[in-house]
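# A closer look at the structure
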Amino acid sequence: MAKLKLPVYKKEELTVRIEDLTYQGLGVAKVAGYPLFIKEALPGEEVVVKVEKLGKHFGYAKALKWLRTSGDRVKTKAKYLQTGIAPLMHLSYPAQLAFKQKLIKDLLTKAHLDQLEVAQTLGMAQPYAYRNKAQVPVRQVRGQLEIGFFKQGSHDFVSLEDFYIQDKRIDQVLVTVRDILRKYQLSAYDEKSHTGVVRHLMVRRGYYSKQVMVVIVTRTKKLPHAPEIARDIMAACPDVVSLLHNVNEAKTNVILGSKTELLAGQAEIEDQLDGLTFKISTQSFYQINPTQTERLYQTAIKQAGLTGKETVIDAYCGIGTISLSMARHANKVYGVEIVPQAIADAKRNAAVNKLTNLTFEVGEAESWMATWQAQGIKPDVIMVDPPRKGLTESLITSATAMAPKKIVYVSCNPATLVRDLQSFIAKGYQVAAPIQPVDQFPQTTHVECVVLITRVGK
Ligand code: SAH
């Protein structure tokens with residue numbers, strides 16, 4: 001095979017100008033058209049880099065020295081956080097919001113959909129300490145049990161007490177629990193040898209309710225000193241209303257195992273969202289940025305243009321958060337979701353909020369839509385909020401076959417969103433309002449947005 005002729009060679013040091021930022025937050029420089037991706041470098045900067053890795057179509061380089069820095073660069077207090085928890089924290093918040101808007105615009109341009117507008121990203125007033133849930137690894141460092149995080153894409157553990165993007169009270173509870181575990185000399189998990197006891201601590205906190213849930217995840221079936229640990233945690237943290245022990249014996253990256261026992265208090269906490277009450281258990285999927293989730297849902301409800309008369313389908317309904325929010329403004333809401341426990345939660349949440357105009361089903365949205373259509377159900381609005389992989393062609397087919405006037409798409413991945421928009425357009429639908437990004441995950445590269453899709457003609 002002929003050797004590739006690239007404009008740079010490995011270990012070469014050169015000065016480059018950063019032109020762009022990838023969706024992962026890496027700076028992009030081009031050398032004779034060949035892109036080099038550079039960690040921590042920002043658009044507009046001039047940087048001396050060393051080439052580290054070369055591929056056929058792009059390579060990676062390491063920033064050695066900045067000759068010119070960007071006006072959007074901010075000093076980061078704890079630089080290492082950037083490599084794990086907050087990959088965009090070196091970029092000013094207004095620039096982060098602009099980056100998320102541009103990312104969608106660039107994808108639309110590539111898909112020949114440049115005519116579609118993207119509104120300014122709705123940001124947070126205080127873009128940190130927003131996470132209502134923490135899942136932190138526990139490891140032994142120099143003989144001591146520590147909480148912390150792993151550097152991105154690695155097994156490098158960094159001990160930490162201030163997690164920056166988590167609710168501050170969650171950080172305090174984590175440190176208190178860590179100290180109590182130390183007091184009883186519990187050992188931390190070791191991945192390599194699959195030994196040790198405590199693997200993770202999970203803490204959730206209701207934004208409005210202020211109720212705290214703590215879950216201690218162990219490799220072993222037993223939590224040594226469980227009664228003493230429970231007593232100390234409950235005494236030290238009066239806001240902990242739910243303390244659980246979860247067992248995960250497997251060699252896996254998955255955090256929670258299937259067995260959970262109650263150590264003290266109750267099995268779940270509750271919180272409010274848009275004035276509705278939701279019960280949240282250990283395994284429930286619940287949006288992690290409460291104030292921005294309210295803005296996201298309000299945007300979706302506004303775009304759906306509900307007047308109280310509509311029939312709505314919520315096709316990826318989870319524990320029913322969007323379904324319940326919409327049910328207050330619609331005649332009837334049908335929710336479908338693939339995880340049975342989530343549907344059990346959704347039904348209970350409807351009852352807790354005394355809402356009776358909802359029907360929930362377990363299964364694939366694709367097949368339930370066909371069933372509902374066969375039953376003669378005619379939705380005015382179909383709401384879709386799929387996982388990162390986006391919609392399947394068969395979902396788009398069954399949704400458009402029901403001929404709803406409006407489809408509201410909440411997306412957590414602009415790449416699959418743009419792909420799906422092309423399919424909707426090919427099936428006689430159009431994007432009817434500027435795409436609205438909502439910043440659910442400040443300091444990270446994640447982009448969430450809401451899109452209104454309407455039927456062309458009648
Ligand atoms: N709308 C909810 C949940 C969104 S997350 C909220 O805002 O909280 C996406 C959900 O889609 C997950 O709960 C996942 O279990 C579900 N899901 C994934 N594939 C599905 C499918 N084919 N049919 C129905 N639900 C699916």
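Just so it is clear, the model here is predicted, and its values are computed rather than measured.

A few words now on the environment of Pro43. In this fold, Pro43 is placed in the loop between β4 (34-38) and β5 (46-54). Classification of Pro43 by relative accessible area gives partly exposed; the value is 31%. Sequence-wise, Pro43 and Pro434 are 391 residues apart; in three dimensions their C-alpha atoms are separated by 26 Å. Setting aside chain neighbours within four positions, we find Pro43 in contact with Ile18, Glu19, Asp20, Leu21 and Ser70.

Before going further, it helps to spend a moment on the site of the ligand. Around the ligand there are 18 residues in total, and Gln287, Tyr297, Glu337, Ala365 and Asp385 lie nearest to it. Contact distances for the ligand include 2.8 Å between an oxygen atom and a side-chain N or O atom of Gln287. Residue Glu366 places a side-chain N or O atom 3.3 Å away from a nitrogen atom belonging to the ligand. Taking 580 Å² as the accessible area of the ligand by itself, protein coverage stands at 87%. Those elements that provide at least two residues to the shell around the ligand are α5 (321-327) and α7 (365-374). Residues that form the shell around the ligand fall into these classes: 10 nonpolar, four polar and four charged.

Another aspect to go through is the domain arrangement of the chain. Along its sequence, the chain is carved into domain 1 (13-73), domain 2 (133-273) and domain 3 (289-455). Placing a centre on the C-alpha atoms of domain 1 and another on those of domain 2 gives a separation of 38 Å.

With that settled, consider the UniProt feature "domain: TRAM" (unreviewed entry) in the chain. The UniProt record annotates "domain: TRAM" (unreviewed entry) at residues 7-65. End-to-end, the C-alpha atoms of residues 7-65 are 21 Å apart, and along that stretch the chain is 0% helix and 56% strand.

Quick look at the nonpolar core now. Core analysis: the largest hydrophobic core is formed by 47 residues, its most contacted members being Leu174, Leu201, Val214, Ile216 and Ile229. At the level of elements, α1 (93-110), β7 (133-141), β8 (144-150), α2 (168-183), β10 (198-205), β11 (212-218), α3 (226-236) and β12 (240-247) are the ones that each hand at least two residues to this core. The residues touching Val214, leaving out its near neighbours within four places in the chain, are Val173, Val177, Met202, Val203, Val240, Ser242, Leu243 and Leu244. Counting residues in each nonpolar core, the second largest holds 43 residues, with Val336, Ile382, Ala399 and Leu417 among its members.

Conventions and cut-offs
- Residues numbered from 1 in each chain as written.
- Predicted model: local features only at pLDDT ≥ 70, side-chain atom pairs only at ≥ 80, totals over all residues.
- Heavy atoms only, no water.
- Helix = DSSP H or I, 4+ residues; strand = E, 2+ residues; numbered from the N terminus.
- Buried < 20%, exposed > 50% of the residue type's maximum accessible area, 1.4 Å probe, protein only.
- Contact = heavy atoms within 4.5 Å.
- Near = heavy atom within 4 Å.
- Polar contact = N/O pair within 3.5 Å; in protein donor to acceptor, adjacent residues only side chain to side chain.
- Areas by Shrake-Rupley, 256 points an atom, 1.4 Å probe, with all protein chains shown as cover.
- Nonpolar A, V, L, I, M, F, W, Y, C, P; charged D, E, K, R; others polar.
- Domains from an automatic or database assignment.
- UniProt positions renumbered as here; feature names shortened; annotations may be inferred.
- Core = buried A, V, L, I, M, F, W, Y, C linked by side-chain atoms within 4.5 Å.

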